[in-house]
Amino acid sequence: MTQSAGLDLNLLVALDVLLEEQSVRGAAARLHLSEPAMSRTLGRIRKALGDPVLVRAGRRMVPTPHALAVRAEVSAVVERARALFAPDRDADLRDVTRTFTILGHDAIAATHGAALFARAAREAPGIRLRFLSESHLDAPFLRQGTADLEVGVIDSAAPEVHVEPVYEDRMLGVVRAGHPLLTGELTPERFAGAAGHLIVSRRGRLQGPIDDALAELGLQRRVVGSVGSYPASLFVVHETDLIGLVSHWGRPLADTLGLVTFEIPLRLPAVKLGFAWHPRHDADPAHAWLRGCVRELMLRESAG
């Protein structure tokens, strides 16, 4: 890369870290620079791009719209440069310093977070993991570089995004211990007509596949509301007679709270789980390691 392009490779690396840290102090620590030196570097980047890049918002700094627009491409260029100049493509992961952002439902971090952090500590201590909760809005997080890996139900991937299906899960009902629904035969009629139902929806929806299955039988349940994550819903179920839902892989969360899961007496579509990433990460050994870790955890869960 030439100086005539406005940015040299060192500035691109600094820009990549600044956009990731959104902090001059954090970026300085990552790049082993003093804060004044990092501030001067940010000034050079601002001059070259003709954009403030990071602006003050209260006590924090946030990226400008232009910075967000170029973030993914900056990250891709830096990754390609690292791969090009790496003396050994199979270099020891213990020497890698990176931060990976994983996008997914809160239950992903709750069920797999501990195992991922433990494995990173053993195999790649320089890699930090940042879990980002799903948004109620669909956005090209992988394309924009906001996230490096999306895990869970992949239903809004852009055409160029790589998707790897891993396994099919199923939904279970969940109630507090001693709930009246647990006594006697569980029929669709009892399931629908029992206490109120609580839905989990990041978009705040108040109906789903269960309602469609009940409607086919001429039945309707009473939905009292929705919450945005499974962990939150389980705490609500724990303190009420509401009937909640949890995926099979999320059952350990219910077990931890002493809740009881049960098979739903309806024909429900399978829940297809997997992960997705942008192709700019294809040749990145560290990202391949992350994908391998997530794949192994998900396959282990599906076999459990």
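Note that this is a predicted model, so its numbers are computed, not measured.

Visitor: Help me understand the overall build of the protein in this model?
Guide: Tallying secondary structure elements over the protein gives eleven helices and twelve strands in all. By its C-alpha atoms, the protein is 75 × 40 × 35 Å across when sized along the principal axes. Once local pairs closer than 6 in sequence are excluded, the contacts in the protein between residues at least 24 apart make up 74%. Carbon and sulfur atoms provide 54% of the accessible area of the protein, an area that totals close to 15,600 Å². Where the 35 positive side-chain charges of the protein centre and where its 36 negative ones centre are 6 Å apart.

Visitor: Please explain the layout of surface pockets as it appears in this structure.
Guide: In this approach, a probe sized like a water molecule rolls over the atoms, and the result shows the empty space that is left. The volume enclosed by the largest pocket comes to roughly 890 Å³. Lining the largest pocket are 27 residues, and of these Val-153, Val-200, Pro-209, Tyr-230 and Val-271 sit closest to its centre. Every element with two or more residues in the lining of the largest pocket is listed here: strand 5 (149-152), strand 8 (197-200), helix 8 (209-216), strand 10 (244-247) and strand 12 (271-277). Split into classes, the residues belonging to the lining of the largest pocket amount to 15 nonpolar, six polar and six charged.

Visitor: Honestly, the pairing of strand 5 in this entry has me stumped. Any pointers?
Guide: Regular strands place their side chains on alternate faces of the sheet. Here strand 5 shows no split at all, with Leu-149 and Val-151 on one side and Glu-150 and Gly-152 on the other all buried. Both strand 3 (residues 98-104) and strand 5 contribute to a ladder of three bridges, which runs parallel. Bridge pairing links Gly-104 to Val-151 in strand 5. As paired elements, strand 5 and strand 12 share three bridges and run antiparallel to each other. Along strand 12, the bridge assignment pairs Val-151 with Phe-275.

Visitor: Before we go on, may I ask you to explain the packing of aromatic side chains in this structure?
Guide: The relation between two aromatic rings is expressed through the spacing of the ring centres and the mutual angle of the planes. Within this structure, the stated rule accounts for three aromatic pairs. Ring geometry for Phe-117 versus Phe-131: centroids 5.9 Å apart, planes at 65°, classification edge-to-face. Here the residue Phe-117 occupies a position in helix 5 (residues 106-123), and Phe-131 occupies one in strand 4 (residues 127-133), the gap between them amounting to 14 residues. You can call Phe-131 partly exposed: its relative accessible area is 25%. Its guanidinium or amino end placed over the ring of Trp-277, Arg-291 lies 4.6 Å from that ring's centre, counting from NZ or CZ.

Visitor: Where do I start with the confidence of the model for the protein in this structure?
Guide: Where the model shows low pLDDT, its predicted coordinates should not be examined in detail. Considering every residue of the protein, the mean pLDDT works out to 86; 91% of them sit at 70 or more. Averaged over each element, pLDDT in the protein is lowest for helix 4 (residues 65-85) (76) and highest for strand 11 (residues 260-263) (96). Below pLDDT 50 for its whole length, residues 1-6 participates in seven contacts with residues either more than four positions away or in separate chains.

Visitor: Explanation requested: the packing of helix 1 (residues 9-21) against helix 2 (residues 24-31) in the structure shown.
Guide: Two numbers describe a pair of packed helices, the interaxial angle and the distance between the axes. Taken N-terminus to C-terminus, the directions of helix 1 and helix 2 make an angle of 130°; their axes are 8 Å apart at the nearest point. On the basis of their axis angle, the class for helix 1 and helix 2 is oblique. Along this stretch, helix 1 crosses helix 2, giving a crossing that reads as right-handed. Only Val-24, Gly-26, Ala-27, Arg-30 and Leu-31 of helix 2 make contact with helix 1, whose side of the interface consists of Val-13, Ala-14, Val-17, Leu-18, Glu-20 and Glu-21. Across the contact of helix 1 with helix 2, the residue classes tally to seven nonpolar, one polar and three charged.

Visitor: Would you explain the pattern of salt bridges in this entry?
Guide: Oppositely charged side chains may form a pair once their charged atoms are brought near each other. Scanning all chains against the criterion turns up eleven salt bridges. In this structure, Glu-35 and Arg-25 form a salt bridge, with 3.2 Å as the shortest nitrogen-oxygen distance. Here Glu-35 is found in helix 3 (residues 35-49), whereas its partner Arg-25 is found in helix 2, with ten residues between them in sequence. Classification of Glu-35 as partly exposed rests on a relative accessible area of 37%. The salt bridge partner of Glu-164 is Arg-295, with a shortest N-O separation of 2.6 Å. In this pair, Glu-164 sits in strand 6 (residues 162-169) while Arg-295 sits in helix 11 (residues 285-303), placing the two residues 131 residues apart along the sequence. Put simply, Glu-20, Glu-21, Arg-30 and Arg-128 are held in one network by salt bridges that share partners.

Visitor: Is there a simple way to explain the packing of helix 2 against helix 3 in this structure?
Guide: For the pair helix 2 and helix 3, the least separation of the axes is 9 Å and the interaxial angle reads 105°. In terms of orientation, helix 2 and helix 3 fall into the roughly perpendicular class. Mapping the contact onto sequence places Val-24, Arg-25, Ala-27, Ala-28 and Leu-31 in helix 2 and Glu-35, Met-38, Ser-39 and Leu-42 in helix 3. A class-by-class count of the residues in the contact of helix 2 with helix 3 yields six nonpolar, one polar and two charged.

Calculation criteria
- Residues numbered from 1 in each chain as written.
- Predicted model: local features only at pLDDT ≥ 70, side-chain atom pairs only at ≥ 80, totals over all residues.
- Heavy atoms only, no water.
- Helix = DSSP H or I, 4+ residues; strand = E, 2+ residues; numbered from the N terminus.
- Contact = heavy atoms within 4.5 Å.
- Areas by Shrake-Rupley, 256 points an atom, 1.4 Å probe, with all protein chains shown as cover.
- Lys, Arg positive; Asp, Glu negative; His and termini not counted.
- Charge placed at Lys NZ, Arg CZ, Asp CG, Glu CD.
- 1 Å grid on protein atoms, 1.4 Å probe; cavity = no way out; pocket = protein on both sides within 12 Å on 5 of 7 lines; lining within 4 Å.
- Points joined across faces, edges and corners; volume = space filled by probe spheres on them.
- Nonpolar A, V, L, I, M, F, W, Y, C, P; charged D, E, K, R; others polar.
- Buried < 20%, exposed > 50% of the residue type's maximum accessible area, 1.4 Å probe, protein only.
- Pairing = 2+ DSSP bridges.
- Phe/Tyr/Trp six-rings, centres within 6.5 Å; stacked < 30°, edge-to-face > 60°.
- Lys NZ or Arg CZ within 6 Å of the ring centre and 35° of its normal.
- pLDDT = per-residue confidence, 0-100.
- Axes fitted to C-alpha atoms, helices over the stretch in contact; angles between N-to-C directions.
- Parallel < 35°, antiparallel > 145°, perpendicular 65-115°, else oblique.
- Left-handed = near helix turned anticlockwise from the far one by under 90°.
- Salt bridge = Lys/Arg side-chain N within 4 Å of Asp/Glu carboxyl O.

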